[in-house]
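Take a look at the letters that make up each chain.
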Amino acid sequence: MDIKKLLQKMTLEQKIAQLCQFSARCLVADETGELTGPAKDLNLSMKDIACCGSTLTFADANSMIAIQKKHMELDPNKIPLLFMHDVIHGYRTIYPIQLALGASWDADIVKKCSRMSARESAAGGVHVTFAPMVDLVRDARWGRCMESCGEDPYLNSVMARAQVEGYQGNLDSDEDICACVKHFAAYGAAESGKDYNTVDMSEYNLRENYLCAYKSAVEAGAQMIMASFNTINGVPSIANKWLLKDVLRDEWGFDKPIISDYSAFAELVNHGYCSNEKECAKAALDATADIEMMSVCYLRNLTSLLEEGRIKEEQIDECVLRILELKDKLGLFENPYRGANPEKEKALALCPEHRAIAREAAQKCAVLLKNDNILPLNKNTKNIAVIGPWSDVGMLGEWPAHGEPSETVTVIEGVKNALNNASVTMAKGCNGVLNELPDDELINEAVCAAEKADAVILCIGEHSKQSGEAHSRADITLSPAQIKLVKEVCAVNKNSVCVLFCGRPIVLTDIIDTVPAIFVAWQPGTEAGNAVADLIFGDVNFEGRLPMTFPLHLGQVPIYYNQMNTGRPKLVPNQIFTSGYIDYPNDPLFPFGYGLSYTSFEISSPVLSKTQMNKGDKVVVSARVKNTGAVAGKTVVQLYIRDLFASRTRPVKELKGFEKVYLEPGEEKEVSFEITEKELAFHTASGKFEAEAGDFHIFVALDSTSKDLVTLTLK
Ligand code: GLC
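This section reports on the structure supplied with the text. None of the values given here were measured: they were computed from a predicted structure.

### Comments concerning helix 17 (residues 352-365)
1) Next: For helix 17, built from 14 residues, the straight-helix expectation of 20 Å at 1.5 Å per residue is met to within 8% by its first-to-last C-alpha distance of 20 Å.
2) Next: Buried within helix 17 are the following residues: His-354, Ile-357, Ala-358, Ala-361, Ala-362, Gln-363, Lys-364 and Cys-365.

### Structural notes on the site of the ligand
1) Next: By nearness alone, 13 residues border the ligand, and Asp-86, Arg-144, Lys-182, His-183 and Asp-261 come closest of all.
2) Next: With respect to the ligand, the side chain of Arg-144 contributes an N or O atom lying 2.8 Å from an oxygen atom.
3) Next: Within the side chain of Asp-261, a nitrogen or oxygen atom sits 2.6 Å from an oxygen atom of the ligand.
4) Next: Against a free-state accessible area of 310 Å², the protein chains account for coverage of 93% of the ligand.
5) Next: Its residues assigned to classes, the shell around the ligand shows seven nonpolar, one polar and five charged.

### What to know about the sheet that holds strand 2 (residues 54-56)
1) Next: Here eight strands make up an open sheet; going across it, the order is 9-6-5-4-3-2-1-10 and the pairing parallel. The sheet terminates laterally at strand 9 (258-259) and strand 10 (292-293), the two strands that pair on one side only.

### Description of empty space enclosed by the protein
1) Next: Under the criterion given, the structure shown has two cavities of 30 Å³ or more.
2) Next: As a volume, the largest cavity reaches approximately 80 Å³.
3) Next: Leu-434, Gly-461, Arg-473, Ser-479 and Gln-482 are, among the 13 residues lining the largest cavity, the residues nearest its centre.
4) Next: Forming the boundary of the second largest cavity are Ile-641, Arg-642, Asp-643, Arg-650, Glu-654, Lys-656, Glu-679, Leu-680, Ala-681 and Phe-696.
5) Next: Counting residues per element, the ones that place at least two in the lining of the second largest cavity are strand 21 (633-643), strand 22 (654-663) and helix 22 (677-680).
6) Next: The element best represented in the lining of the second largest cavity is strand 21, accounting for three residues.
7) Next: Its residues assigned to classes, the lining of the second largest cavity shows four nonpolar, no polar and six charged.

What counts as what
Residues numbered from 1 in each chain as written. Predicted model: local features only at pLDDT ≥ 70, side-chain atom pairs only at ≥ 80, totals over all residues. Heavy atoms only, no water. Helix = DSSP H or I, 4+ residues; strand = E, 2+ residues; numbered from the N terminus. Expected span 1.5 Å × (residues − 1). Buried < 20%, exposed > 50% of the residue type's maximum accessible area, 1.4 Å probe, protein only. Near = heavy atom within 4 Å. Polar contact = N/O pair within 3.5 Å; in protein donor to acceptor, adjacent residues only side chain to side chain. Areas by Shrake-Rupley, 256 points an atom, 1.4 Å probe, with all protein chains shown as cover. Nonpolar A, V, L, I, M, F, W, Y, C, P; charged D, E, K, R; others polar. Pairing = 2+ DSSP bridges. 1 Å grid on protein atoms, 1.4 Å probe; cavity = no way out; pocket = protein on both sides within 12 Å on 5 of 7 lines; lining within 4 Å. Points joined across faces, edges and corners; volume = space filled by probe spheres on them.

These figures come from the coordinates and say nothing about function on their own.
Structure, rendered in structure tokens:
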């Protein structure tokens, strides 16, 4: 399609319409021909929607085909709609939440999951998914931890690339969908963990930590980017010209569509950044925002702004061209329905191959935190009690797209599937509501079940709906009811295992000394129960590692491993006049990168191919890792680097590489990482991204707490 020629024949009104995105509910009139619901709230007319550019949140292939068909009849230029959807961790077959995917430290399984959801959603008519979400997060109170791959820039960047590649492929198949990476930028740094809250930080911190994963997604070829709700240093992202134009477009070369988050244009008034929606339209257009999601600032004001000479038509043309280019790239002018296929959509949904991928991912994401030789449980156990509020609840996780809890394997079902002729009983023990106080009747019922059982599986933590958008929590400890339940059950049955479901780090300090074994299952998705059972009975081994620090106390939050040393580091407990607390240590309960296995591993001290390097050189650092246990297993060998002295203070260590390694019992393997200037570079005081001469501590370790280092000098 010659889109420049198409642009020339479009009226101003039709151009402006291309910049508007309304949900599918807005596009379907009721039997009286009236627009209802959100369309009414936005005071939309049929004329307003006739030429709009894109839609979001539609039901399935059939509805997509019906909406597109009607649209092609209405649009005088026959410009197809772009269909966008929140396919965050699956479409019909739901795999673990992103935070869990971060815990897998396995880009291959992450890519495989994204690929699966691209296939399913493309058949459902999706052209663009509002994913991956790559917002770095350090504050476990934030509800959207569950959508992020955690606290580290490097791990988030690796997973961002894997997801973009998984979704998009080469965009030459109708099973490929476009990735719209979000939320640009630094949405996860909301003050006090409150969603949508203020973000205020130095450009140094922004570039060193918060922008990395978006850049990785852009470099991987993400076809769109979504600006975030929050302000950055006093300017809301969607109107932030420095962020969207200077950094994203001019510095990174991103020449594709930028979309707002839901009604974020209009919210510029709430921010106190624009006095009315006309000013919102001007500010967003000047920042080069292309698509306005679910508000009408562009629709209602661009014409008058143009007539007043406050904007140029070229600005509108640039936005329209970026949108038409994407439609052309997807071949929509030739086939507006692209991959939409109701029969294929139905056939792929929850098919055995996809369930197997979801199950494998859930196995790989789980992190074993403690095991006092309780796990794995014996499959010949005759009597198992599954206890806790989430025993029979489908743990899909928030943003489940078209996944259904009813199609989700619960723990009780997974345990019954795994055991042939065992008695499996269940007791809720409590209801799982936040801050719930103990109900003695429920506790006693659970204690009775535990007393009669050979083994107990406790299912505790957060329900899927207790994290996610607009679900930040001030208190991330377990409820008094869950704490009492765990203590009373473990008191009567020593053979008790805890499964923690959560969309964020939870403070486990109240129970960690009581439970003999506990692992984080996160929110594992469709195959939750089967994967939990696979792990508990030892059919698979644990291989996950924490992508976020688990605090010892709520008051430590935000807590993360790659903090600065400060001028008064607390090097030994109770050292006064140092950076810390008088009532708790600085150390977390479980650190970034931590996780156990059914076997054990040892790693040698790191060895450098040379201890000095010049700019332009590369050095190899190696270590030997050995499986010192009795069963095969995987561990994650992690490369951390510390820049000891620099023109800006540098973190005590930073992840710069990792490799997951499979080892048979007794087997050992040398793992090596290349170190070049890139691994040593940072945003210096002179504003360049480069390495500065000096000494660096190099760690090759099995989690972020290692003190075993070797020193490299960059000359
Ligand atoms: C929401 C979310 C965003 C999502 C969008 C469309 O408010 O912030 O992540 O993609 O609206 O549903």
